[in-house]
Amino acid sequence: MALGSSLAGAQGKTAEDQNLIDRTMAPGCAIGLYVRDECDRHTKASAARRAELK
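Residues numbered from 1 in each chain as written. Predicted model: local features only at pLDDT ≥ 70, side-chain atom pairs only at ≥ 80, totals over all residues. Heavy atoms only, no water.

Trainee: It is not clear to me how the overall build of the protein chain should be interpreted in this structure. Could you clarify?
Mentor: A tally of regular secondary structure across the protein chain gives two helices and zero strands. Taken over 54 residues, the protein chain has a buried fraction of 24%. If you take every contact in the protein chain between residues at least 6 apart in sequence, the share linking residues at least 24 apart comes to 44%. On the protein chain, roughly 3,900 Å² of surface is accessible, and the fraction owed to carbon and sulfur atoms is 57%. (Helix = DSSP H or I, 4+ residues; strand = E, 2+ residues; numbered from the N terminus. Buried < 20%, exposed > 50% of the residue type's maximum accessible area, 1.4 Å probe, protein only. Contact = heavy atoms within 4.5 Å. Areas by Shrake-Rupley, 256 points an atom, 1.4 Å probe, with all protein chains shown as cover.)

Trainee: Help me out: how do you make sense of the side chain of His 42 in this one?
Mentor: For His 42, the location among the structural elements is in helix H2 (residues 36-53). Among the polar contacts listed, one links the side chain of His 42 to the side chain of Asp 22, at a separation of 2.8 Å. For His 42, the contacting residues outside a window of four places in its chain are Gln 18, Ile 21, Asp 22 and Met 25. (Polar contact = N/O pair within 3.5 Å; in protein donor to acceptor, adjacent residues only side chain to side chain.)

Trainee: Sorry if this is basic, but what is going on with the state of the cysteines here?
Mentor: Within the structure shown, the criterion is met by one disulfide. Here Cys 29 pairs with Cys 39 through a disulfide, and the sulfurs are 2.0 Å apart. Note on the Cys 29 and Cys 39 pair: the S-S dihedral is about -110 degrees, so by sign convention the disulfide is left-handed. With Cys 29 in helix H1 (residues 15-30) and Cys 39 in helix H2, this residue pair connects regions lying ten residues apart in the sequence. (Disulfide = S-S within 2.5 Å.)

Trainee: Honestly, a nonpolar patch on the surface in this entry has me stumped. Any pointers?
Mentor: A grouping of Leu 3, Ile 31 and Leu 33 is seen on the molecular surface, where their side chains present a nonpolar patch of about 320 Å² in accessible area. By relative accessible area, which is 44% here, Leu 3 ends up partly exposed. (Patch = residues over 30% accessible without salt bridge, like charges linked within 9 Å, V, L, I, M, F, W, Y side chains within 5 Å. Salt bridge = Lys/Arg side-chain N within 4 Å of Asp/Glu carboxyl O.)

Trainee: Just to check I follow, could you spell out the side chain of Gln 18 for this structure?
Mentor: With respect to the secondary-structure elements, Gln 18 resides in helix H1. Residue Gln 18 is classed as buried on the basis of its relative accessible area of 5%. Leaving out residues up to four positions away in the same chain, Gln 18 has contacts with His 42, Ser 46, Arg 49 and Arg 50.

Trainee: Got a minute to help me understand the pattern of salt bridges in this structure?
Mentor: One side chain can pair with another of opposite charge once the charged atoms of both are near each other. Summed over the entire model, instances satisfying the criterion amount to three salt bridges. Note that Arg 23 and Glu 16 form a salt bridge whose closest N and O atoms lie 3.2 Å from each other. Owing to a relative accessible area of 40%, Arg 23 belongs among the partly exposed residues under this scheme.

Pasting the structure below:
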């Protein structure tokens, strides 16, 4: 899988969209493409968005 290939079509309007966004970020965090602060910021933002979508 190419980095970022899960993001196509995601708009952040549904939980599935958030899953796609998270799947795009996770590999970059895992390989150190993004700095720790960016990954932490995404994790917090993702949790907040998931709470809004419930």
